[in-house]
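# Residue-level structural notes
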There are 2 protein chains.
Amino acid sequence: MSNSKRSYGQFCGVSRALDVVGERWTLLVVRELIMGPRRYKDLADTLSGIGTNLLAARLRDLEAQGLIGRRKLPPPAGSTVYELTAFGRELEPIVFALGRWGRKLLAPELGDQIFNGRWLLFALKANFIAAQARGVREIYELRIGDEATVHAEVRDGNLEVREGPAEEPDLVVDAPLEVLLALTRGETTPAKERKAGRLVQQGSREAFERFWTIFDGAGLPRGASSSAVARA
Amino acid sequence: MSNSKRSYGQFCGVSRALDVVGERWTLLVVRELIMGPRRYKDLADTLSGIGTNLLAARLRDLEAQGLIGRRKLPPPAGSTVYELTAFGRELEPIVFALGRWGRKLLAPELGDQIFNGRWLLFALKANFIAAQARGVREIYELRIGDEATVHAEVRDGNLEVREGPAEEPDLVVDAPLEVLLALTRGETTPAKERKAGRLVQQGSREAFERFWTIFDGAGLPRGASSSAVARA
DNA sequence: CGGAATCCTCTTCGATACTG
DNA sequence: CAGTATCGAAGAGGATTCCG
């Protein structure tokens, strides 16, 4: 029973929002669902450490608040999946912005933190700059060693990301996570990393440069990413 | 000792951000400081229910993370104030967006919730649409019964908000909180409320309409406010 | 096997009291 | 005024068990 519904009791949009999504794990559940519907088990696996009871409670509360819905997949799958409602999806820009802000807090190395390919998809979506993608029609494939392979399809300001390799990528970038991070921070250069054999790149130099620009990479001044969250 | 620093242990910007600002009360402390520097006592008073030890812990952690700084005011005041650092200020758009999203969750009546004029200032800042304010140079004064009086100075896409009455307002709007809310929701009209004596307005009808448009009032379709958080 | 409820321990929160 | 100290209550985390 998580019906205690502790509230800040303040008449303010921020505190009301935090009454609903401010508890531990809640926004991470939302983050997972931004990448598409997921089963209970998927969430429990990815959100390692959440504890099965707490996940159940969060899902129940989110559903009660109208942020997520549960749907039964048609046979033969037949499993239940959770997905964001339209109202829940309105949190997307907020979660994206949190992700961009949190970029600066990422450790330079993976260390003992967990990581998975879907978070890379999320990062691509969160750091996508539509204005930079105008007129571009390319497919970028990203490989983090053998931990993850994803690809992003850019079509004139629109973005679609998927797990797995692309069929006809215009660019393939393959590098360990640490190298990619150092690049986004401007602490190293592609040329240097290529020479050291830590970065393998298939495709034109121009496509590579577009990739970094479109996804708010090293090309932009430090901090430009998080201050770019603005109202239309 | 709040040095346990529980972390989600995920290599993802969102979870890193929540490691830092995801704990209870933390973003509300940030919200308070967005309106300017505040003393410990001010924060403790406004964030009713936080408990003094927890406030101290949050301030300590936020300072350690570089989000806020503490400064000693020059004599004769001599008191210590907390204020956002540049890094902390980068959370502004996120907190604004949370506030806009949370607007839909506000109860129709104040009830037993607490309220203060500074949150009205915050709401004005959060719902300000710069694009709508282009070419406008006006001062709006807002009175919520006798609970709060604030004013907003719009200068061609720029906004400054202050507590208290304005010196030469172009528009004065005086109404109970519930009426103002019903208006923003489109559940009533200014004409109706004026007739019922619940809304007193000094200034031209045009200024009044600009006010609503600039601050994302009833004029916009439902939901337009929260979906308007986008990347530049 | 996916989707939980239960139990138990540990940490955090909230309220009050107390101190420089 | 600006905190620290204390302590009961609530929430989180982990393991195990239960149900379909």
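Remember, it's a predicted structure, so these values are computed and weren't measured experimentally. The residue numbers shown here count from 1 along each chain, following its written sequence. All chains are assigned letters beginning with A, and all ligands numbers beginning with 1, in the order in which they are written. The predicted origin of the model limits local features to residues at a pLDDT of at least 70 and limits the giving and counting of side-chain atom pairs to 80 or more, whereas totals for whole chains, interfaces and linings rest on all residues. With hydrogens and water excluded, all non-hydrogen atoms of the structure serve as input to the side-chain values.

## Concerning the overall build of chain A
Elements are defined by DSSP. Helices are runs of H or I of four residues or more, strands are runs of E of two residues or more, and each kind is numbered from the N terminus. Scanning chain A from terminus to terminus reveals 11 helices and 9 strands. Radius of gyration (C-alpha) of chain A: 19 Å, near the 17 Å computed for a compact globule of 232 residues. A principal-axis box enclosing the C-alpha atoms of chain A has dimensions of 60 × 45 × 40 Å. The buried share among the 232 residues of chain A stands at 53%. Of the roughly 10,600 Å² that chain A leaves accessible, carbon and sulfur atoms contribute 49%. Taken over C-alpha atoms, the radius of gyration is set against a globule rule of 2.2 Å times the number of residues to the power 0.38. Relative accessibility decides the category of a residue: with a 1.4 Å probe and only protein chains considered, values under 20% of the type maximum give buried, values over 50% give exposed, and everything between is partly exposed. Here the Shrake-Rupley method, with its probe set to 1.4 Å, supplies the accessible areas, and only the displayed protein chains count as covering residues.

## Brief notes about the domain arrangement of chain A
Residue and element names in this part refer to chain A. By domain assignment, chain A separates into domain 1 (13-103) and domain 2 (118-231). Each of domain 1 and domain 2 has a C-alpha centre, and the two are 26 Å apart. Pairs of residues are marked as contacts when any of their non-hydrogen atoms sit within 4.5 Å. With 13 residues of domain 1 at the interface, the matching set in domain 2 holds 15 residues. Simply put, the buried area is the total loss of 1.4 Å probe accessible area from both parts when two parts are fitted together. With both sides pooled, the region where domain 1 packs onto domain 2 buries about 1,400 Å², and carbon together with sulfur makes up 59% of that total. Taken as a group, Met35, Arg100 and Arg103 account for 54% of the area that domain 1 buries against domain 2, more than any other trio of residues on that side. As annotated, the domain borders come from an automatic or database domain assignment.

## Looking at the sheet that holds strand β1 (residues 38-39) of chain A
All names here are of chain A. DSSP-based pairing: two strands are paired if at least 2 bridges between them are found. Strand order in the open sheet formed by 3 strands is β1-β3-β2, with antiparallel pairing between adjacent strands. Either end of the sheet is taken by a strand with one partner, and the two such strands are β1 and β2 (68-72). Every angle, taken between N-to-C directions, lies between 0 and 180 degrees, and every axis is a line fitted to C-alpha atoms, over only the stretch in contact when it is a helix. The strands touched by helix α2 (residues 26-34) within the sheet are β1, β2 and β3 (80-84), with β3 carrying the most contacts at an inclination of about 100°.

## Brief notes about the interface of chain B and chain A
Accessible area lost upon the coming together of the parts is a frequently used measure of interface size. At the junction of the two partners, chain B supplies 62 residues and chain A supplies 62 residues. Carbon and sulfur atoms make up 67% of the surface buried where chain B meets chain A, a total of about 5,600 Å² over both sides. Here, a salt bridge means any side-chain nitrogen of Lys or Arg that lies within 4 Å of a carboxyl oxygen of Asp or Glu. For the pair chain B and chain A, the interface holds 2 salt bridges. Counting of polar contacts relies on pairs of N or O atoms within 3.5 Å, with two restrictions inside protein: one atom must be capable of donating a hydrogen and the other of accepting it, and residues adjacent in sequence are counted only when both atoms are side-chain atoms. Taken together, the connections running from chain B to chain A amount to 12 residue pairs in polar contact (both at pLDDT 80 or more). Among the secondary structure elements, those contributing two or more residues to the side of chain B that touches chain A are α1 (13-21), α2 (26-34), α6 (92-102), α7 (117-127), α8 (177-184), α11 (224-227) and β9 (229-231) of chain B. With 9 residues, the single largest contributor to the side of chain B that touches chain A is α6 of chain B. Any residue that is not Ala, Val, Leu, Ile, Met, Phe, Trp, Tyr, Cys, Pro, Asp, Glu, Lys or Arg is counted as polar, Gly included; the first ten are nonpolar and the last four charged. Considered class by class, the residues forming the side of chain B that touches chain A number 38 nonpolar, 13 polar and 11 charged.

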